[in-house]
Every structure is written in structure tokens, then in C-alpha cells.
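Structural characterization, general
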Amino acid sequence: MSGARRSPVVAGNWKMHLTRPEARALAERVVAALPALGTCRVVLIPPFTALAEVGRILAGTEVRLGAQNLFWEDKGAFTGEVSAPMLKETGCAHVLIGHSERRRLFGETDEVVNRKVRAALSAGLSPIVCIGETLEEREGGRTTERIDAQLAAGLRGLSGGDMESIILAYEPVWAIGTGKTASPAQAEEVHAHIRRRLEGNYGNDRASCAIILYGGSVKPANSYPLFKEKNIDGFLVGGASLEADAFVGIVGEALRADREET
Ligand code: PGA
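In this report, we go over the structure that sits alongside the text.

Description of the sheet that holds strand β3 (residues 64–67)
Reading around the barrel, the eight strands line up as β1-β2-β3-β4-β5-β6-β7-β8 and close back on themselves, with parallel pairing between neighbours. Within this sheet the neighbouring strands show an average axis-to-axis angle of 25°, counted without direction. Here strand β1 (residues 9–13) pairs with strand β2 (residues 41–45) via five bridges, running parallel. By the bridge assignment for β2, Ala11 is matched with Val43.

Remarks on the pairing of strand β5 (residues 126–131)
Most of β5 sits inside the fold, with six of its six residues counted as buried. Neither face of β5 is exposed, since Ser126, Ile128 and Cys130 on one face and Pro127, Val129 and Ile131 on the opposite face are all buried. Bridge analysis of strand β4 (residues 94–97) against β5 gives four bridges, and the strand direction is parallel. Counted as the bridge partner of Leu96 is Ile128 from β5. In this sheet, strand β6 (residues 167–170) lies alongside β5 in parallel orientation, the contact comprising four bridges. Following the sheet pairing, Ile128 is matched in β6 by Ile167.

What about the site of the ligand?
Residues in contact with the ligand amount to 13 residues; listed here are only the nearest, Lys15, His99, Glu171, Gly177 and Ser217. Here an oxygen atom of the ligand and a side-chain polar atom of Glu171 are 2.6 Å apart. Here an oxygen atom of the ligand and a backbone polar atom of Ser217 are 2.7 Å apart. Relative to its free-state accessible area of 280 Å², the ligand is covered by the protein chains to the extent of 95%.

Reading guide: rules and limits
Residue numbering note: each chain is counted from 1, following its sequence as written. In keeping with the model being predicted, local features are shown solely for residues with a pLDDT of at least 70 and side-chain atom pairs are shown and tallied solely at 80 or more, while totals for entire chains, interfaces and linings include all residues. For side-chain calculations, the full set of non-hydrogen atoms in the structure is used, while hydrogens and water are omitted. Strand pairing is assigned whenever DSSP detects at least two bridges linking the two strands. Runs of E in the DSSP output that reach at least two residues are strands. Runs of H or I that reach at least four are helices, and both are numbered from the N terminus. Whenever a helix is involved, its axis is fitted only over the stretch in contact; in every case the axis is a line through C-alpha atoms, and angles between N-to-C directions fall within 0 to 180 degrees. Burial classes: relative accessible area under 20% of the type maximum marks a residue as buried, over 50% as exposed, and values in between as partly exposed (1.4 Å probe, protein chains only). Working definition: residue near molecule or strand if any one of its non-hydrogen atoms lies within 4 Å of it. Between N or O atoms, a polar contact is any pair within 3.5 Å; within protein, one atom must be a potential hydrogen donor and the other a potential acceptor, and residues adjacent in sequence are included only when both atoms are from side chains. Using a 1.4 Å probe, the Shrake-Rupley method yields the accessible areas, and only the shown protein chains count as cover for residues.

Laid out in C-alpha cells, this is it:
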């Protein structure tokens, strides 16, 4: 598979953290401290309650806004849910779908992921679709089987054109919030596998342009060697995205590695 290095993407998933004033302060610190981004795309993903507030701070900057979840219907009697057009209207460019916490704690299946991805795409949002194996699956030698199943069902029926708007995030469940990062070689092996699957389904051009992020205990100290791997295009950051210095440090490392290659 050929092609120039893809522009890096670094997304910060704030999960269920931060009041609105705290979210505003963090967004302001991130925006003020970011190096000139060039071709790097940075996404901040606050909780729903802080979306509008953070969106106001990001307006006029290159940093994009993302949401953590959506429901697949546009509107209706679905108490407690938020739709893709609502997120779009609030200024979101991206939405996380199928995060392992949603799968594990809220019973989201690959079929649900597929419905949500379609809803996001029809509203003009770019979904960041999370996939990854549990420790049990890895130790049982079933990593690629699990990844293949998540890709097949989660992206079912989507066209090559749709793939241009989709970002994939490989997040081994055992590495999320645990301080255990996949080694660069472990992550690269799965990223390369994902890209081969995309090539089989959508062709070489689409596969070589696809953005595949790594997530799971990413910090400034481990991001550079991960990003140096050929098929790792950036990061989905949880814990470290709650500290401006750490998050900006990760962006800096991705840009440093990117500059060395271009
Ligand atoms: P972590 O979370 O960086 O805290 O491991 C990653 C994620 O959940 O996306």
C-alpha cells in the first residue's frame, strides 16, 4: 500500500468530566498553547453540557468540536437522547461512536454502532468509530477476529465515499484508562490489519487515505514512537486530554514525528 503520510489527527475525549467553567478554562488553555497546527487536526470532545460553551471558544480557530455519543433518530419521543442534527447545529464536526465504555456499560452492539454511524453521516458529521479487543480476546488469540467482526458489522452497507468522512480509532480495551499502552509494534500490527481490511473492502486509494487513530493511555511520553509507526495516524486521548499541557504535548509530539517524515 502506498501513499504520502496522512495528516495527523489528535482528539481529546473528556468523558463525563468538567463543569462548564472548567471546560471553558481547559479549552482556552488548549487553544492558547497549541503550536501552529499546519495540517494537524485537533478535536475537543467535551460532555454534552459543555458543547456550546467550548464551541464558542473554538470558533475562529482550527480546532474542531466533537460529541461523545448520539442517538440514530433525528427527533422524537426518545427521552434523554441527543440526535445528529442537534449536534451539528451545536457546532460539532465529529462524534465518537462505539467507544468501549458505551459498548461495555451501555450495551451498545455493532448493529447499534452501524445505525449511529449512518445517522452521523446523514447529518454531515464525521464519526470517530472506536473498535478494539478485550484482554481476554487478546490472550485467547482472537484480536483480529474481534476487529474484523466490529468492522464488518459496524461499517455494514457503507460506501467508499462514506469512508472519506469516517475516522477509525483502535483502542484495545485493556489499555483504556489502565496506564497500560499497547507497544508501538502491537498497535501497528492491528492498525496494519485494519488498513488491509479496508483495502479489501474499499480499494487501495480509500484504504491508504483512511485515518486510523490509536487510543489507550496515550501520554506525551509514549506518543512519539506510536506515531512513528506507518499506520498510526494520530490519537484518541482520554485521561491526558484533561490536562492542557499533556494534551498539547501529545499534539506537539505528533507534529514533530510528522515533520520528520515530510
Ligand atoms: P485513556 O482513554 O487515554 O484515558 O486511556 C482513551 C479513551 O477512552 O478514548
